[in-house]
Amino acid sequence: MAAVRDSREMAAENPAVELAKSHLVQPWPYAGSIGAEARTLVTSGDGVYLIDGDGKKLIDGPAGMWCINVGHRREELARVMYEQAMELSYNTPWYTMNAPSAELSRRIAEYAPGDLNHVFYTTGGSSAVETALRFMQFYNNVRGRPEKKQILSRGGAYHGSTYLSASLNGRPRDRDWMDAADDLVVKLSSPDPFRRPKGMSAEAFCDFLVDEFRDTVKAVGAQNIGCFVGEPIQASGGVIIAPAGYLKRIRDICRENDILYVSDEVVTGFGRLGHVFASEELFDIEPDMITFAKGVTSGYFPLGGVVISERLLKDLNRSNHPDAMFGHGLTYTSHPVGCAVALKNLDLLEGGILDHARAVAPYFQQRLKTLEDLPLVGEVRGAGLMACVECVADRESKDPLQLDKDVGKRIDQHCHELGLLVRPLINMCVMSPPLVITKDQIDHLVAILREGISRTMDDLRKEGVW
Ligand code: PMP
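Bear in mind the structure is a predicted one, so any value in this text is a computation, not a measurement.

A.B. asks: Is there a simple way to explain the sheet that holds strand β7 (residues 225-230) in this structure?
C.D. replies: Spatial ordering of the open sheet is given by β4-β10-β9-β8-β7-β5-β6, a layout of seven strands whose pairing is mixed. Two strands in the sheet have a free side with no partner beyond their single neighbour: β4 (116-122) and β6 (185-188). For this sheet, the mean inter-axis angle between neighbouring strands, taken without regard to orientation, is 20°. Pairing geometry for β7 and strand β8 (residues 260-264), over four bridges, is parallel. Each bridged residue has a counterpart across the sheet, and for V229 the counterpart in β8 is V262. Contacting β4 and β10 (304-309), helix α12 (residues 310-317) runs over the sheet at an angle of about 70° to β10.

A.B. asks: Help me understand the nonpolar core in this model?
C.D. replies: Side chains of a nonpolar character, in soluble globular proteins, are inclined to be buried together. The biggest cluster of nonpolar side chains holds 119 residues, and the ones touching the most others in it are A132, F228, V307, V389 and L420. It is helix α13 (residues 336-369) that contributes the most residues to this core, 15 residues altogether. If you count residues domain by domain, this core takes at least three from each of domain 1 (7-73 + 353-462) and domain 2 (91-334). In this structure, F228 is in contact with L152, I250, C254, I259, Y261 and V262, ignoring residues within four places of it in sequence.

A.B. asks: Explain the pairing of strand β2 (residues 49-52) here, please?
C.D. replies: Two faces make up the sheet, and in a regular strand the side chains alternate between them. Strand direction decides the pairing type here: strand β1 (residues 42-46) and β2, joined by four bridges, are antiparallel. Residue pairing across strands places V42 opposite D52, the latter belonging to β2. Between β1 and β2, which pair antiparallel in sequence order, lie two residues; one of them, G47, sits at a positive phi of approximately 60°. Between β2 and the antiparallel strand that follows it, strand β3 (residues 57-60), lie four residues; G55 among them carries a positive phi value of about 85°.

A.B. asks: Is there a simple way to explain the environment of E83 in this structure?
C.D. replies: Relative to the helices and strands, E83 resides in helix α4 (residues 75-87). Once the C-alpha coordinates of E83 and A340 are considered, the two residues, 257 residues apart in sequence, prove to be 9.3 Å apart.

A.B. asks: It is not clear to me how the sheet that holds β1 should be interpreted in this structure. Could you clarify?
C.D. replies: One key point about sheets: their strands pair by backbone hydrogen bonds, in either a parallel or an antiparallel sense. The strand order across the open sheet formed by four strands is β1-β2-β3-β13, and the pairing between neighbours is mixed. This sheet does not close on itself; its edge strands, each paired only once, are β1 and β13 (420-421). As defined by bridge partners, β2 adjoins β3 across three bridges and the pair is classed as antiparallel. Bridge pairing in β3 links I51 to K57.

A.B. asks: Looking at this structure, I do not really get the site of the ligand. What am I missing?
C.D. replies: The full set close to the ligand counts 17 residues, and G124, G125, S126, G160 and V266 are the nearest of them. Considering each element in turn, the shell around the ligand owes the most residues, three residues, to helix α6 (residues 125-142). When the residues that make up the shell around the ligand are grouped by side-chain class, the tally is seven nonpolar, eight polar and two charged.

A.B. asks: What is the right way to look at the packing of α13 against helix α15 (residues 439-462) in this model?
C.D. replies: Between α13 and α15, the shortest axis-to-axis distance is 10 Å and the interhelical angle comes to 20°. Classified by the angle their axes make, α13 and α15 are roughly parallel. Of the two elements, α13 crosses α15, and the hand of that crossing is right-handed. Only K439, I442, D443 and V446 of α15 make contact with α13, whose side of the interface consists of V360, Y363, F364, R367 and L368. Grouping the amino acids of the contact of α13 with α15 by side-chain chemistry returns six nonpolar, no polar and three charged.

A.B. asks: Could you clarify how one ought to interpret the domain arrangement of the chain in this entry?
C.D. replies: Taken domain by domain, the chain consists of domain 1 (7-73 + 353-462) and domain 2 (91-334). Taking only C-alpha atoms into account, the centre of domain 1 sits 28 Å from that of domain 2. Taken together, the contacts link 27 residues of domain 1 with 18 residues of domain 2. Elements that contribute at least two residues to the side of domain 1 that touches domain 2 include exactly α3 (63-66), α13, β11 (377-383), β12 (386-391) and β15 (428-431). Classifying every residue of the side of domain 1 that touches domain 2 by side-chain character gives 17 nonpolar, five polar and five charged.

A.B. asks: Before we go on, may I ask you to explain helix α10 (residues 246-256) in this structure?
C.D. replies: Helical periodicity: at 3.6 residues per turn, an α-helix aligns residues three or four positions apart in one direction. Listed as buried for α10 are Y246, L247, I250, R251 and C254. Axial view of α10: buried residues confined to an arc of 135°, hence all on one face. For α10, the elements touching its buried residues are α9 (202-220), β7, β8 and α11 (278-283). Just past α10, the residue D258 takes up positive phi, approximately 55°.

A.B. asks: Teacher, can you tell me more about helix α5 (residues 99-111) here?
C.D. replies: The end-to-end C-alpha separation of α5 is 19 Å, in line with the 18 Å expected for 13 residues at 1.5 Å each. Among the structural elements, α4, β4, β10 and α13 are those in contact with the buried residues of α5.

A.B. asks: How should the environment of G464 be read in this particular structure?
C.D. replies: Structurally, G464 can be placed in the segment after α15. G464 sits in the exposed class, given 6 other C-beta atoms within 10 Å. Considered as a pair, G464 and G32 are 432 residues apart in the sequence and their alpha carbons are 27 Å apart.

A.B. asks: In this structure, what is going on with the environment of D288? I would like to understand it.
C.D. replies: By the element assignment, D288 lies in the loop between α11 and β9 (289-292). The class for D288 is buried, based on 26 C-beta atoms found within 10 Å.

A.B. asks: Looking at this structure, I do not really get the packing of α5 against α13. What am I missing?
C.D. replies: Angle between the axes and distance between the axes: these two values describe a pair of packed helices. The contact between α5 and α13 brings their axes to 8 Å, and the two run at 40°. When the axis of α5 is compared with that of α13, the two are oblique. Of the two possible hands of crossing, α5 and α13 adopt the one that is left-handed. Of the residues in α13, those touching α5 at P100, S101, E103, L104 and R107 are P336, C339, A340, A342, L343 and L346. Of the residues in the contact of α5 with α13, the class split is eight nonpolar, one polar and two charged.

What counts, and at which threshold
- Residues numbered from 1 in each chain as written.
- Predicted model: local features only at pLDDT ≥ 70, side-chain atom pairs only at ≥ 80, totals over all residues.
- Pairing = 2+ DSSP bridges.
- Helix = DSSP H or I, 4+ residues; strand = E, 2+ residues; numbered from the N terminus.
- Axes fitted to C-alpha atoms, helices over the stretch in contact; angles between N-to-C directions.
- Contact = placed C-beta atoms within 7 Å.
- Core = buried A, V, L, I, M, F, W, Y, C linked by C-beta atoms within 7 Å.
- Buried ≥ 20, exposed ≤ 12 C-beta atoms within 10 Å, placed from the backbone.
- Domains from an automatic or database assignment.
- Near = placed C-beta within 6 Å.
- Nonpolar A, V, L, I, M, F, W, Y, C, P; charged D, E, K, R; others polar.
- Parallel < 35°, antiparallel > 145°, perpendicular 65-115°, else oblique.
- Left-handed = near helix turned anticlockwise from the far one by under 90°.
- Arc of directions from axis to C-beta.
- Expected span 1.5 Å × (residues − 1).

Dropping the structure here:
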């Protein structure tokens, strides 16, 4: 039997922290501390705030992981979970169905572009992307073209932590020590204008990306490519906003070559950019599938899904293999509690929060942009209520002060002391607060971030590393 310390003994010292160190495996851990690590304990939330284990009030700068869109402690959402669980807490989706999932699908279909009017529900974003990919494979198998399965993805992308979805990830740190289904994936450049080749205009960079895409399709052969998967704005890559018009041009190439376009709106969906879906509203693209999660329940329940074009379903209906089964399902597909929460969450978004997010976003971006006067800051970029402060050694070299300096983490630690949670990404700080954030709270967030960056600059100077 494993050596387990008496949990009562540990509880007397510092219950959750000590228990975590003994029994919890945290996400994205390092080998040296895996299974023995505690992280900042938070005990409650309220609106845009979290309260940590010391009773300290912190602005939730990243809104959890881009997900607490309507804010913490929403009584309406807590109540609907209770009521739905008391009515019907679960049903087996293999041979029964529930009303909330059908109603939610209708509401989602109303917002989705074109004929994307059917939804397959999952337990989160990774399983949503995984579902879209497996659906593409099934679709092409049934249609008699089993070789058409390569997946196009890009540097800077993050699409999940299941095996196939993770194989699409483009950030080196996600891949360095991990296996991946590399034979199924073709990687393209990150569409990051900040890191485009020196001297290249944004327009030329866009042409370069589009040419690379077209050339890759030619080289691999359209008959071998099943889909392209892309975030409208690469979130975890550092809020990377591709040059204007790029997504639409990629969409057109996909259509010309019968390559399915999967728009991963796990972050951008449900209000982060001021709309339920951003693909059509902001980028003028009509994908074949949209994946979503996070904001669909504002993080109150683990739910995600794929919105699928009716055309694809009809193709399957009419295929020569009507008995072929899509061998894919999850115990919690169409979960009634998750779908009921999502319906209420959508009511809240429609009832003023989407309008608020759109109204406050320019102020958020403009205030954060003022941080560009700090010499450590290379660029502040963003859209809607997502933004990234990217730090560099200097603006000329754009040296990202890699891992050894841990700039993002240093800024996060200072900000934590000052009352703000930051999402550090190597040399970047991501900000994506709950959509209900007010202008005063934005001022407070930016003031703390400024002070956190200033203190980090002092540290780096004192250590003589900057
Ligand atoms: N796609 C994108 C764009 C994401 O940002 C994430 C998570 N950060 C995922 C997929 C995976 O979602 P989940 O963590 O819910 O599995």
